[in-house]
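The primary structure of each chain is shown beneath.
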Amino acid sequence: MLFIKGNIVTPTRVINKGGVLIEKDKIVKVGRIKKYPPLTKIFDIPGSTVVPGFIDIHMHGLGKYTTKGKKNIIGISNLEPSYGTTGFLPTLACATHKEYLQFLQDVKDVIKDQPEKGAKILGAHLEGPYINPIMKGGMDEKYLRLPDKKEYQELIRAGGRDLKIMTLSPELPGSIGLIKSLRKNNTVASLGHSMAKEDDVRKAIRAGLTHICHLFNAFPPQKPRELGVREPSLADICLAMDGLTAEVNPDGIHVHPLMIRLAIKAMGLENIVAITDSMMGTGLPEGTYRMSDGRKFRTKKGDVARLVENERIIVGSILTMNFAFKNLVKKCGLSFSQASLLTSLNPARIIGLDRLTGSIEVGKKADIAVLDSNFECLMTFVEGKLVYQKT
Ligand SMILES: [Zn+2]
């Protein structure tokens, strides 16, 4: 048995000077624990915060790795626990059909043979290729195309139940059929990089679309109809609809903290999920790195990843989940419990894993991170196994 002591962050409150008792891979007791078996191994760092392991459902790279290729995905998995992340969806954008197929096969393979000391690979997120080029953001237009039934059915077959999320622009002709096919496969259909109008969004939701990719980023600006009249922008439409969940990037630059508060108020705390959208180079010194499609970008501390050939174009972030959690608390004013919903329980629910993981509750897998007062990760446990300890 393991006994982790500290300030325990549960979905509803923080238990100060509490503890979590772990037997094998599961949480068996949470609270002020006085009694435990004699041979229990105790982890006690005074003043530490014990949070459910973070789950990142949208990330493109970490350290020296992109999400392309088995070795890279395993490399990311081994690094993630040092940021408190215990599960993630490798995400691929800007790829040929063949490369997407290969990516899905790679993800499947590493899921079957999960790294011993890594974060769990929970499935795949495809960002594209059925994306509106007008809203391409940091994507390369040459990879973007209209939904093609034969092609997407091949992707869905290749991904199977490991294809957890696909981001698409629902206004493109053929996307309603795509959304329906994704739903049939239990894949989350996600709106992103889109110019959809209200009617497109309604139709997409009726077809089964439930999720919004990085809300407020790569969204069209608001256009006034006439002086003094406010028309809803696509972001406003998303905020106003029922039955949607949305990703937000809390790096402090992608989205203003007040906009995150607004999203929470409009859509509900349980429907917002924090993502990193991180790139290769995250966690490394500032420098120039390459995207999985070969284009170069530059990273700067306290900033984002920007394309070298045009610095105005943001291609992703250099955020890690422990600092996403920190920013939700420090910049957005959320409580520890509220922030942990966005970083752990909500992402688990979106990909259908919330009965297994995502919170510190009896019966769940012991996916747990221990943070210091600066939100640096001290220890990480994946299914009750200590996989990271700060030296
Ligand atoms: Zn992305």
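Fair warning: this is a prediction, and the values are worked out from it, not measured in the lab.

**Some details on the side chain of T66**
Structurally, T66 is set in strand 7 (residues 65-66). Residue class for T66 comes out buried when judged on its relative accessible area of 12%. From its side chain, T66 meets the backbone nitrogen of K68 in a polar contact 3.2 Å long. Contact partners of T66, with chain neighbours within four places excluded, come to H60, G61, N72, I73, I76, M280, R290 and S292.

**What about the packing of aromatic side chains?**
Given two aromatic rings, one states the distance between the centres and the angle between the planes to describe the pair. Within this structure, the stated rule accounts for 8 aromatic pairs. Between F3 and Y36, the aromatic rings sit 4.9 Å apart at their centres with planes inclined by 50°, giving tilted as the arrangement. Of the two residues, F3 is situated in strand 1 (residues 2-9) and Y36 in the loop between strand 3 (26-31) and strand 4 (41-52); the sequence distance between them amounts to 33 residues. Here Y36 falls in the partly exposed class, since its relative accessible area comes to 33%. Residues Y289 and F297 carry aromatic rings whose centres are separated by 6.2 Å and whose planes lie at 40° to one another, so their mutual orientation is tilted. The exposure class assigned to Y289 is buried, which follows from its relative accessible area of 14%. Connected via pairs of aromatic rings, a cluster forms that spans F54, F325, F336 and F375.

**Focus on the pairing of strand 1**
Of all 8 residues that make up strand 1, 7 are buried, and the element is covered over most of its length. With 6 bridges connecting them, strand 1 and strand 4 associate as parallel partners. Among the inter-strand pairings, I4 is bridged to a residue of strand 4, identified as F43. Taken together, the 7 bridges between strand 1 and strand 2 (residues 14-23) define a ladder with antiparallel strand orientation. Within strand 2, the residue paired with I4 across the bridge is V20.

**Focus on the environment of G18**
Here G18 is to be found in strand 2. For the pair G18 and M280, spaced 262 residues apart in the sequence, the C-alpha separation amounts to 37 Å. With sequence-adjacent residues up to four places away left out, G18 is seen in contact with I4, K5, G6, I8 and G31.

**Focus: the coordination of the zinc ion**
For a metal with four donors in a tetrahedral arrangement, the ideal angle between donors is 109.5 degrees, while six donors in an octahedron ideally sit at 90 or 180 degrees. Distances from the zinc ion to its protein donors, H58 (NE2), H60 (NE2), E127 (OE) and D277 (OD), fall within 2.0 to 2.5 Å. Viewed at the metal, the 4 donor atoms of the zinc ion are separated by angles of 80 to 170°, and the geometry they form is irregular. Sequence spacing among the residues donating to the zinc ion works out to H-x1-H-x66-E-x149-D. One end of the pair, E127, is in strand 10 (residues 124-127); the other, D277, is in the loop between strand 15 (272-274) and strand 16 (287-290), with 150 residues separating them in the sequence. Comparing E127 with D277, the two get one shared label, buried.

**Re the sheet that holds strand 19 (residues 314-316)**
Pairing is antiparallel in the open sheet, where 4 strands are placed in the order 16-17-18-19. The sheet is open, and its two edges are formed by strand 16 and strand 19, each paired on a single side. Sheet twist, expressed as the mean angle between neighbouring strand axes with direction ignored, is 40°.

**Topic: the domain arrangement of the protein**
One can read the domain layout of the protein as domain 1 (1-52 + 358-391) and domain 2 (54-356). Between the C-alpha centres of domain 1 and domain 2 there is a distance of 29 Å. Between domain 1 and domain 2, the contact holds 29 residues from the first and 29 residues from the second. Surface buried jointly by domain 1 and domain 2 totals about 2200 Å² across both partners, of which 63% is contributed by carbon and sulfur atoms. If you look at where domain 1 meets domain 2, you find 2 salt bridges. When the shortest N-O distance is used, the salt bridge between K120 and E383 registers 3.0 Å. For the interface between domain 1 and domain 2, the tally reads 12 residue pairs in polar contact (both at pLDDT 80 or more). Elements supplying a minimum of two residues to the side of domain 1 that touches domain 2: strand 4, strand 20 (368-371), strand 21 (377-382) and strand 22 (385-389). Residue composition of the side of domain 1 that touches domain 2, grouped by class: 15 nonpolar, 7 polar and 7 charged.

About the cut-offs
Per-chain numbering applies: the sequence of each chain, read as written, is numbered from 1 onward. Where local features are concerned, this predicted model is filtered to residues with pLDDT of at least 70; where side-chain atom pairs are given and counted, the filter is 80 or more; whole-chain, interface and lining totals use all residues. In computing side-chain values, all of the structure's heavy atoms are included and hydrogens and water are not. To qualify as a helix, a DSSP run of H or I must reach at least 4 residues; to qualify as a strand, a run of E must reach at least 2; elements of each kind are numbered from the N terminus. Each residue is assigned to one of three classes by its accessible area relative to the maximum for its type, calculated with a 1.4 Å probe on protein chains only: buried under 20%, partly exposed between the two thresholds, exposed over 50%. Here a polar contact is taken to be a pair of N or O atoms separated by no more than 3.5 Å, where protein atoms must pair a possible hydrogen donor with a possible acceptor and residues adjacent in sequence count only if both atoms sit in side chains. In this analysis, two residues are considered to be in contact whenever any of their non-hydrogen atoms come within 4.5 Å of each other. Pairing of aromatic side chains requires ring centres within 6.5 Å, counting the rings of Phe and Tyr and the six-membered ring of Trp. Pairs whose planes differ by under 30 degrees are stacked, by over 60 edge-to-face, and all others tilted. In this analysis, strands are considered paired if DSSP registers two or more bridges between them. Here the coordinating atoms are restricted to nitrogen, oxygen and sulfur within 2.8 Å of the metal centre, or 3.2 Å for Na, K and Ca, and because water is not among them the sites may look incomplete. Every geometry call rests on angle ranges, with four donors termed tetrahedral when all angles are between 85 and 135 degrees, four termed square planar and six termed octahedral when opposite donors are over 155 degrees apart and all others are between 65 and 115, and everything else termed irregular. To obtain an axis, a line is fitted to C-alpha atoms, over the contacting stretch when the element is a helix, and the angle between two such axes runs from 0 to 180 degrees between their N-to-C directions. By convention here, the domain bounds are inherited from an automatic or database domain assignment. Buried area: the accessible area, evaluated with a 1.4 Å probe, that two parts lose upon being put together, summed over both parts. Any carboxyl oxygen of Asp or Glu that lies within 4 Å of a side-chain nitrogen of Lys or Arg is treated as forming a salt bridge with it. Classes in brief: Ala, Val, Leu, Ile, Met, Phe, Trp, Tyr, Cys and Pro nonpolar; Asp, Glu, Lys and Arg charged; the others, Gly included, polar.

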